[in-house]
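# Tertiary structure, described
Residue-level listing of the chains:
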Amino acid sequence: MLSQQEAMREVGPNDRNQEAIGASYNALSSLVGLCSNDKSEDMKRYASDALAVLSISMENRSRMEQIQEVFQAMIGLCSMENSPECQRNAAAALGNMAFNHIPNQTLIGDGGGIEALCTLCGLSLDVDVLENATAALVNLSRR
């Protein structure tokens, strides 16, 4: 059975649906809200996965720049020690949001994202978490 990430690599994102979800009223903000501390781990995992996939789209990366809570939510999920799935999704989301988007790179860096990703690289034993965290750091260091 394929992991969720392997399946995404095999199937790939649906660009048209990504754009539609991102453009729909309050969808991105609602997903950010589902990553808050009072939500279940499963809810956080699904919402952070959705944000990671949606942030592949440049249009959605630009929309996320306007929802600054998304950065703090993903940075916060990086510290969920008992949930490598949430850490993996949060690191992927931060990396995707940073890709070729200087305003998001600045917001992530100023918000403590670099420190959170470096901490993951130093503490996590999960290969997928390490892969996503290092890829995010690469995207944060490129213009």
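Here's a quick rundown of the structure. Everything numeric in this text was worked out from a predicted model, so none of it was measured.

## Re the layout of surface pockets
Take a probe with the size of a water molecule and roll it over the atoms, and the empty space left behind shows itself. By volume, the second largest pocket is sized at about 200 Å³. Ile75, Cys78, Ser79, Glu81, Pro84, Gln87, Ala116, Thr119, Leu120, Leu123 and Ser124 together form the lining of the second largest pocket. Counting residues per element, the ones that place at least two in the lining of the second largest pocket are helix 7 (84-98) and helix 9 (113-123). Considering each element in turn, the lining of the second largest pocket owes the most residues, 4 residues, to helix 9. Among the residues making up the lining of the second largest pocket, the classes are represented as 6 nonpolar, 4 polar and 1 charged.

## Observations concerning the environment of Leu137
For Leu137, the position within the fold is in helix 10 (residues 127-141). Classification of Leu137 by relative accessible area gives partly exposed; the value is 22%. Once residues lying within four places of it in the same chain are set aside, the contact partners of Leu137 are Ile114, Leu117, Cys118 and Cys121.

## Considering the pattern of salt bridges
Applying the stated criterion across every chain, the model contains 4 salt bridges. Linking Asp126 and Arg88 is a salt bridge whose minimum nitrogen-to-oxygen distance equals 3.0 Å. Remark: Arg88 occurs in helix 7 and Asp126 occurs in the loop between helix 9 and helix 10; sequence separation between them is 38 residues. The exposure class assigned to Arg88 is buried, which follows from its relative accessible area of 15%. Each of Arg88, Asp126 and Asp128 takes part in one network of salt bridges that share partners.

What counts, and where the lines are drawn
Starting afresh in each chain, residues are numbered from 1 along the sequence in its written order. Per-residue local features of the predicted model are confined to residues with pLDDT of at least 70, and side-chain atom pairs are confined, for both listing and counting, to 80 or more; whole-chain, interface and lining totals are unaffected and use all residues. To obtain the side-chain values, all non-hydrogen atoms of the structure were included, while hydrogens and water were left out. Only protein atoms enter the 1 Å grid, on which a cavity is a set of points fitting a 1.4 Å probe that cannot get out and a pocket is an open set with protein on both sides within 12 Å along at least 5 of 7 lines, lining residues being those with an atom within 4 Å of a point. Grid points are joined across faces, edges and corners, and a volume is the space filled by probe spheres set on the points. The secondary structure listing takes helices from DSSP runs of H or I that are at least 4 residues long and strands from runs of E that are at least 2 residues long, numbered from the N terminus. In the scheme used here, Gly and all other residues not listed as nonpolar or charged are polar, with Ala, Val, Leu, Ile, Met, Phe, Trp, Tyr, Cys and Pro taken as nonpolar and Asp, Glu, Lys and Arg as charged. Summary of the burial criterion: residues with accessible area below 20% of their type's maximum are buried, those above 50% are exposed, and those between are partly exposed, where the area comes from a 1.4 Å probe applied to protein chains only. Here, two residues are considered to be in contact whenever any of their heavy atoms come within 4.5 Å of each other. Salt bridges are identified by distance alone: a Lys or Arg side-chain nitrogen within 4 Å of an Asp or Glu carboxyl oxygen.

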